[in-house]
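Analysis of the macromolecular model
What follows is each chain in one-letter form.
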Amino acid sequence: MTKSRSLQKRLTRLTTALITAGALALAAPTSAHATAIGSTPVRTFEYSVGGMTMKVPTGCMFTHIIRGGGRKITYQNAGVDCAFVAALGSGFCNWRIDFSYTDTNNHAYRTSRGRTHNECKIDPMRNNSPQTLPRYGKACAHLYVNGVRRVSQCHHITK
């Protein structure tokens, strides 16, 4: 795939994420009754890898998708899409994506920790297994870069 085609694909994914995020911002908080999609901007940050300073510029969104009903999750995915200058950078090095679950009292009861990927990737992504949660509450996705949580995106799981 050529660089321009890859960039076009990323721009399409980011545009879709931004439109979805905008629509959700105008709506009430999301619930996973059927499908919940939300995006959160990744703030600019710097980190060090092998003595080199890496910078993640503005222009990336972290998107978390859940499909299912009630406490049953049939599909869950989270990942980053970058556009503009951010899409041309080296990306995220030593990254992982975790999924966590809390009850209605905000007590964490389960975490699905992703594996740490040592390579640098501009569009990290992870799927999680279908499951039935034991409690209602909140399902979150978290992006860690070099061991530091950089962004989270959550959905309420309600009756």
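Structure shown above.
Residues numbered from 1 in each chain as written. Predicted model: local features only at pLDDT ≥ 70, side-chain atom pairs only at ≥ 80, totals over all residues. Heavy atoms only, no water.

Right, let's talk about the packing of aromatic side chains for a bit. What the rule picks out here adds up to two aromatic pairs. Look at F45 and F92: their rings are 6.4 Å apart centre to centre, the planes differ by 40°, and that puts the pair in the tilted class. Residue F45 is located in strand β2 (residues 45–49), and its partner F92 is located in strand β6 (residues 92–103); the two are separated by 47 residues in the primary sequence. F92 carries the same exposure label as F45, and that label is buried. A connected cluster of aromatic rings, assembled from ring pairs, spans F45, Y47 and F92. (Phe/Tyr/Trp six-rings, centres within 6.5 Å; stacked < 30°, edge-to-face > 60°. Helix = DSSP H or I, 4+ residues; strand = E, 2+ residues; numbered from the N terminus. Buried < 20%, exposed > 50% of the residue type's maximum accessible area, 1.4 Å probe, protein only.)

Tracing the sequence through the fold places S112 in strand β7 (residues 108–112). Within the local environment of S112, its side chain forms a polar contact with the side chain of N128, the two groups lying 3.3 Å apart. (Polar contact = N/O pair within 3.5 Å; in protein donor to acceptor, adjacent residues only side chain to side chain.)

So, on to the pairing of β6. Regular strands place their side chains on alternate faces of the sheet. Counting buried positions over the 12 residues of β6 gives 12, a clear majority of the element. By the bridge criterion, three bridges tie β6 to strand β8 (residues 117–121) in an arrangement that is antiparallel. Bridging across to β8, W95 finds its partner in H117. Relative to strand β11 (residues 137–145), β6 runs antiparallel, the two sharing nine bridges. Directly across from D98, in β11, lies its bridge partner H142. Bridging between β6 and β7 involves four bridges; their strand directions are antiparallel. (Pairing = 2+ DSSP bridges.)

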